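Here is how the chains run, residue by residue.
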Amino acid sequence: MSSTPHDPFYSSPFGPFYRRHTPYMVQPEYRIYEMNKRLQSRTEDSDNLWWDAFATEFFEDDATLTLSFCLEDGPKRYTIGRTLIPRYFSTVFEGGVTDLYYVLKHSKESYHNSSITVDCDQCVMVTQHGKPMFTKVCTEGRLILEFTFDDLMRIKTWHFTIRQYRELVPRSILAMHAQDPQVLDQLSKNITRMGLTNFTLNYLRLCVILEPMQELMSRHKTYNLSPRDCLKTCLFQKWQRMVAPPEPTRQPTTKRRKRKNSTSSTSNSSAGNAANSTSSKKKTTAANLSLSSQGLGATLNRSLNPGRDGDLCQSTAVTPAGQFKEKH
């Protein structure tokens with residue numbers, strides 16, 4: 001009997017050490033590997049349809065791509081939407097790049113209910129340039145990706161923060177032009193800015209203008225309207241959103257507040273009047289009680305000012321019988 005050669009990495013499904021392979025959707029780094037393979041399969045004849053298919057395969061419909069880096073004039077941050085992502089990758093190759101791939105090292109994964117986040121602090125974007133000279137550029141930075149937790153596992157957010165870059169020139173090229181100072185001076189100059197070509201940087205600057213115009217472009221493509229009509233309809237709808245909704249919500253609030261204040265003021269005034277009336281009633285009743293308690297024994301003295309001729313002062317008193325008696 002011939003026995004098959006023993007493979008140390010083979011594990012029988014009936015053995016005690018057999019483990020099932022991890023499902024596809026929990027391997028987000030494998031999606032980056034597939035994206036690198038797809039970018040390497042690009043040809044010179046790849047048109048806009050090819051790039052749209054590429055973006056549809058690896059990016060969600062509402063995906064965003066953000067690049068952060070620092071240039072000579074200060075820090076920059078560009079964010080583009082899903083419709084502009086295909087053009088971004090195509091501009092990388094239009095700037096003289098022949099190969100593009102991403103290398104993730106020591107990435108951390110966190111799982112949520114509907115998404116998976118990959119945080120790689122040591123990400124390297126490698127671009128191989130064929131013109132103006134043969135150069136390999138390694139752009140290092142931090143890459144944060146958010147994938148949807150489903151079977152497609154497409155990228156929802158892409159944020160690449162560039163820290164530094166290196167441009168590598170082969171020694172063979174330096175040896176060939178060792179005696180030519182002009183070529184050596186040209187080789188010593190950088191062909192990129194923070195690892196990005198001028199084509200890509202110009203496109204990112206243009207995206208600052210193109211991103212707000214996406215609504216106009218989609219309306220023009222859907223309804224086949226002129227640019228002026230698209231602008232009018234978009235501005236009218238935006239004006240309706242800003243003006244129309246707040247009106248019904250503001251009116252009842254102001255009315256309710258006024259009613260509450262009026263009712264509270266009237267209740268306070270009525271309560272104050274009632275308190276004043278009751279206090280006045282109490283005072284009158286107290287005065288009447290004091291007078292009645294004195295009874296007929298109270299005397300009322302009325303004095304007359306003495307006249308010039310020495311008139312006598314008279315006083316009138318009230319007797320218990322209720323009769324008046326004069327005293328001299």
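The structure presented is a predicted model; accordingly, all values stated were derived computationally and were not measured. (Residues numbered from 1 in each chain as written. Predicted model: local features only at pLDDT ≥ 70, side-chain atom pairs only at ≥ 80, totals over all residues. Heavy atoms only, no water.)

Focus on the overall build of the chain
Alright, step 1. Helix and strand counts for the chain come out as 9 helices and 9 strands.
Alright, step 2. Taken across its 328 residues, the chain has 28% of its residues classed as buried.
Alright, step 3. Pairs at least 24 apart in sequence give 54% of the contacts found in the chain among residues at least 6 apart.
Alright, step 4. Of the roughly 23,500 Å² that the chain leaves accessible, carbon and sulfur atoms contribute 55%. (Helix = DSSP H or I, 4+ residues; strand = E, 2+ residues; numbered from the N terminus. Buried < 20%, exposed > 50% of the residue type's maximum accessible area, 1.4 Å probe, protein only. Contact = heavy atoms within 4.5 Å. Areas by Shrake-Rupley, 256 points an atom, 1.4 Å probe, with all protein chains shown as cover.)

Focus on the environment of I116
Alright, step 1. Following the sequence through the fold, I116 ends up in strand 5 (residues 115-129).
Alright, step 2. Look at I116 and you get buried, because its relative accessible area is 0%.
Alright, step 3. In the structure, I116 is positioned 30 residues away from E146 in sequence and 5.6 Å away in space, judged by C-alpha atoms.

Points about the nonpolar core
Alright, step 1. F69, Y88, F89, Y102 and W158 are the most contacted members of the largest nonpolar core, which totals 44 residues.
Alright, step 2. Looking at which element gives the most residues to this core, the answer is strand 1 (residues 59-71), with 6 residues.
Alright, step 3. Setting aside residues up to four positions removed in sequence, F89 forms contacts with W51, F54, F59, L65, L100 and Y102. (Core = buried A, V, L, I, M, F, W, Y, C linked by side-chain atoms within 4.5 Å.)

What about the packing of aromatic side chains?
Alright, step 1. Within this structure, the stated rule accounts for 15 aromatic pairs.
Alright, step 2. Ring plane angle 85° and centroid distance 5.8 Å describe the contact between W51 and F54, whose orientation is recorded as edge-to-face. Taken together, the residues W51 and F54, both in helix 2 (residues 48-58) and 3 residues apart, mark about one turn of the helix.
Alright, step 3. Look at F54 and you get buried, because its relative accessible area is 1%.
Alright, step 4. An angle of 75° between the planes, with centres 5.1 Å apart, marks the rings of Y88 and F89 as edge-to-face.
Alright, step 5. Among the aromatic side chains, those forming a connected cluster through ring pairs are W50, W51, F54, F58, F59, Y88, F89, F93, Y102 and W158. (Phe/Tyr/Trp six-rings, centres within 6.5 Å; stacked < 30°, edge-to-face > 60°.)

Some words on the packing of helix 7 (residues 214-223) against helix 8 (residues 227-243)
Alright, step 1. The geometry of helix 7 relative to helix 8 is characterised by a closest axis approach of 9 Å and an angle of 120° between their N-to-C directions. The angle between helix 7 and helix 8 falls in the class oblique. Our pair here, helix 7 against helix 8, has a crossing hand that is right-handed. Across the interface between the two elements, E215, L216, R219 and H220 of helix 7 pack against C230, L231, T233, C234, Q237 and R241 of helix 8.
Alright, step 2. The residue inventory of the contact of helix 7 with helix 8, partitioned by class, reads 4 nonpolar, 3 polar and 3 charged. (Axes fitted to C-alpha atoms, helices over the stretch in contact; angles between N-to-C directions. Parallel < 35°, antiparallel > 145°, perpendicular 65-115°, else oblique. Left-handed = near helix turned anticlockwise from the far one by under 90°. Nonpolar A, V, L, I, M, F, W, Y, C, P; charged D, E, K, R; others polar.)

Structural notes on the pattern of salt bridges
Alright, step 1. Per the counting criterion, the structure on display carries 9 salt bridges.
Alright, step 2. We note a salt bridge from E34 to R31, for which the minimum N-O separation is 2.8 Å. Residue E34 and its partner R31 are both found in helix 1 (residues 28-40); the two are separated by 3 residues, about one turn of the helix.
Alright, step 3. By relative accessible area, E34 is classed as partly exposed at 23%.
Alright, step 4. A residue is classified by how much of its surface remains accessible, and R31, at 5% relative accessible area, is buried. (Salt bridge = Lys/Arg side-chain N within 4 Å of Asp/Glu carboxyl O.)

Let's talk about unusual backbone geometry
Alright, step 1. Although it is not a glycine, M153 sits at a positive phi angle of roughly 50°.
Alright, step 2. With respect to the helices, strands and loops of the structure, M153 is situated in the loop between strand 6 (135-148) and strand 7 (155-168).
Alright, step 3. M153 sits in the buried class, given a relative accessible area of 0%.
Alright, step 4. One non-glycine residue with positive phi stands out, namely M194, at about 55°.

Looking at helix 1
Alright, step 1. Over its 13 residues, helix 1 extends 19 Å from the first C-alpha to the last, a length consistent with the 18 Å expected when each residue adds 1.5 Å.
Alright, step 2. Buried within helix 1 are the following residues: P28, R31, I32, M35, N36 and L39. Projected down its long axis, helix 1 shows its buried positions confined to an angular sector of 145°, all on one face. (Expected span 1.5 Å × (residues − 1). Arc of directions from axis to C-beta.)

The values reported here are purely geometric and, on their own, carry no functional implication.
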